[in-house]
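Next come the chains, spelled out residue by residue.
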Amino acid sequence: MSSTEAMGTGPGAGGGLSAPELLDLRATMRDRAVVAQARVVLAERLRCHVGEALQHLIWLARDLDLELTETAALVIGGRQVPGGDEEEEAVGALVVDTAPRLGRDRSAELEDVLRRLAVEDAVGDAELLAGTPEDPVARAILDASQDCASLLVPVRDAEGRVVDFLNAALNERAKDLFGRGAEELVGCRLLRVDPGTALNGLFESYVKVLESGEPYARGPFQFSTAQNGVARSGRLSARCVRVPTGVCVTWRYHDEEDRVRRRLDRAERLAQVGFGEWDLVGDEQTWSPQMLANYGRTPQEGPVPVDELPKIVLAEDLPLMEDTLHTLFSRREPIELEHRIMTAAGENRHLLLFAEPVLDDSGRPVAVSVVSQDITRRRYIEEALAETRKEFLRQQSETVRERQVTLTLRRAILPPDHELVTVPGLQVAIRSLAAESPARIGGDWYATRALQDGRALLAIGDAAGHGLAATAAMARMRMGLLGLAYTCEDTAQLSCWLNELVSDLEPATIGTALLAHYDPGTQLMEWTCAGHPPPILLRDGHAARMDIVPDPVLGCFPEVCYSTMTTQLRSGDLVLLYTDGLIERRGDDLDERIGRLEQIFESSAAEPDQVLEAVLAQMGHDRNADDTTLFAFRVD
């Protein structure tokens, strides 16, 4: 039986892999085995960790533009993959020679790279280093170089070919990508401590400089290397010259320069600050990208010439621009100028310009250093804030005038607290307090009137809303009730008429009211509650809410029949009417607040004026929240 049939993949198998799928699986497993063995082989050659060897393998594949598996096959050189059985050997357990497909030149190139990466016997390195004569030329280069510098002495094989370089000396500034300096690198081979020189082509270039004497320069370019399984990369510039004992290499990593440049670019972009220079002698200009962006210029268009700068400035700012430039060039003084321009795209911009002349020894300007900042957004914000402030002041002024009108109207409508209609058999006290905040003055009202039949009208109400509109609605409700009261109809009918009146008001409004008729002869109180808080009765030292029929507020429904309630009062009874400004507080329960009012009412003195003072003091009255009106009367 074949292996395919044994695995259940032949014809008639009830599942499993087909023959092509099995071959693909074997190929994948074989590729992984090739890469794994290549890591071990390369690690042995380089005497490094297998993780570092894998990194070298990846670099080799990239350098030769090959697949990783093909590179690994060349590394192990056709060795048999461990673990393959006879069937696997028949289908390719031995790594296929890929040289014909790659071309002999590329294969030879790879073998040459691998040869250079291999670590030769380093027993003679100490003798080579000790036998290297003093090289004044190399020492002069190392001492004079402002970059990292190293003297590399060639290491040759038995046939005289250069297989590596030995770090014979380094200057004080020399550091590699891993931060190692002269103490760690002197006496070490180049390919061992920096294999990236082979993978990036530097090693071949150094050998060419040694053999031809022609100097070599490269960079900046992206350079990568690795040590102990750790890879590092950065932008590098390198120079190499021949000296009597070998070659001197100088190099510079541009990481810090790149960081500074990125920070500067980011700072320019975020702050919208651009830098530029006008060379007046050579008639050349240099602007940073943000400087071009501030003036709406593309890199192709380039900077704006000095003499053409006034042409793009808005006409209103042109005289100031010309005067400022005169100060710059004639008086040779630094300038600061805010101006507006029109870009080629038709966009208006506000720019802040700082310029300073650069003078020669004779005091003549030879260049101008320029800094510009786009402050368009800032000016738009300032203009918007100015308009907002102007609108706020206007509204504030209107609010003050409206409050004055509202207070004047309120005083004209509501009589002073001490000017009350005398009702036989009753002692009456009123406290009507307008909100101190102009925006919170509301529609509280009260009314008392002696009727022709001997009864007295006692009423309290609250028109919804605040400000002048609420005060106007309050005036209509109160005046309408006083006119309707002469009919001597019961409080239910008066409430119906008052509801119709409120429903017809323009603009539409709603309100609450409590209307009561008191008969001094019978001490009978007939009353109607249209959505108003319940009155509180104090009798024999006990205070309690009076039972009410929950009729709707005024203005909600055009046709409503209200109820009349009757309460028989006694001598000594004290009744308290009030508006919601006394009991409503944000976050507090309304029933708890009324309960608190009952407790204060119960513990107060019997005189109505004293009762009202105690209630206002102990209920925590907030004059900023809303109007508050209290109406108390005692039966004699």
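Residues numbered from 1 in each chain as written. Predicted model: local features only at pLDDT ≥ 70, side-chain atom pairs only at ≥ 80, totals over all residues. Heavy atoms only, no water.

Novice: Teacher, can you tell me more about the pairing of strand 18 (residues 565-568) here?
Specialist: Regular strands have side chains that alternate between both faces of the sheet. Side chains of strand 18 alternate between two faces, with Met-565 and Thr-567 buried and Thr-566 and Gln-568 left unburied. Examined bridge by bridge, strand 15 (residues 524-530) and strand 18 share four bridges and lie antiparallel to one another. Opposite Trp-527, over in strand 18, you have Met-565 as the bridge partner. (Buried < 20%, exposed > 50% of the residue type's maximum accessible area, 1.4 Å probe, protein only. Helix = DSSP H or I, 4+ residues; strand = E, 2+ residues; numbered from the N terminus. Pairing = 2+ DSSP bridges.)

Novice: Just checking my understanding: could you explain the sheet that holds strand 2 (residues 162-170) for this structure?
Specialist: By way of backbone hydrogen bonds, the strands of a sheet pair with one another, either parallel or antiparallel. Taken together, five strands build an open sheet; the order of strands is 2-1-5-4-3 and the sheet is antiparallel. Single-partner strands in this sheet number two, and they are strand 2 and strand 3 (216-227). Across the sheet, the mean angle separating the axes of adjacent strands is 40 degrees when strand polarity is ignored. Judged from the five bridges that link them, strand 1 (residues 148-156) and strand 5 (residues 246-253) form a sheet pairing that is antiparallel. Bridging from a neighbouring strand, Cys-148 pairs with Trp-251 of strand 5. The strands that helix 14 (residues 255-271) touches are strand 4 (230-243) and strand 5; relative to strand 4, the one it contacts most, it runs at about 120 degrees. (Axes fitted to C-alpha atoms, helices over the stretch in contact; angles between N-to-C directions. Contact = heavy atoms within 4.5 Å.)

Novice: Teacher, can you tell me more about helix 19 (residues 491-503) here?
Specialist: Because each turn of an α-helix spans 3.6 residues, side chains separated by three or four positions end up pointing in the same direction. With 13 residues, helix 19 should cover 18 Å at 1.5 Å per step; its first-to-last C-alpha distance of 18 Å lies within 8% of that length. Of the surrounding elements, those touching the buried residues of helix 19 are helix 18 (468-484), strand 14 (511-519) and strand 15. (Expected span 1.5 Å × (residues − 1).)

Novice: What is the right way to look at helix 16 (residues 318-329) in this model?
Specialist: Across its twelve residues, helix 16 extends 17 Å between first and last C-alpha, which sits within 8% of the 16 Å expected from 1.5 Å per residue. Along helix 16, the residues that are buried comprise Met-321, Thr-324, Leu-325, Thr-327 and Leu-328. The arc that holds every buried residue of helix 16, seen down its axis, measures 155 degrees, which confines them to one face. Where helix 16 is buried, its residues touch strand 8 (335-342), strand 9 (348-359) and strand 10 (365-374). (Arc of directions from axis to C-beta.)

Novice: So what exactly am I meant to see when it comes to the pairing of strand 11 (residues 426-433) here?
Specialist: Burial of strand 11 is extensive: six of the eight residues sit out of reach of the surface. Inspection of the sheet shows strand 11 paired to strand 20 (residues 628-635) by eight bridges, in the antiparallel sense. Opposite Leu-433, over in strand 20, you have Thr-628 as the bridge partner.

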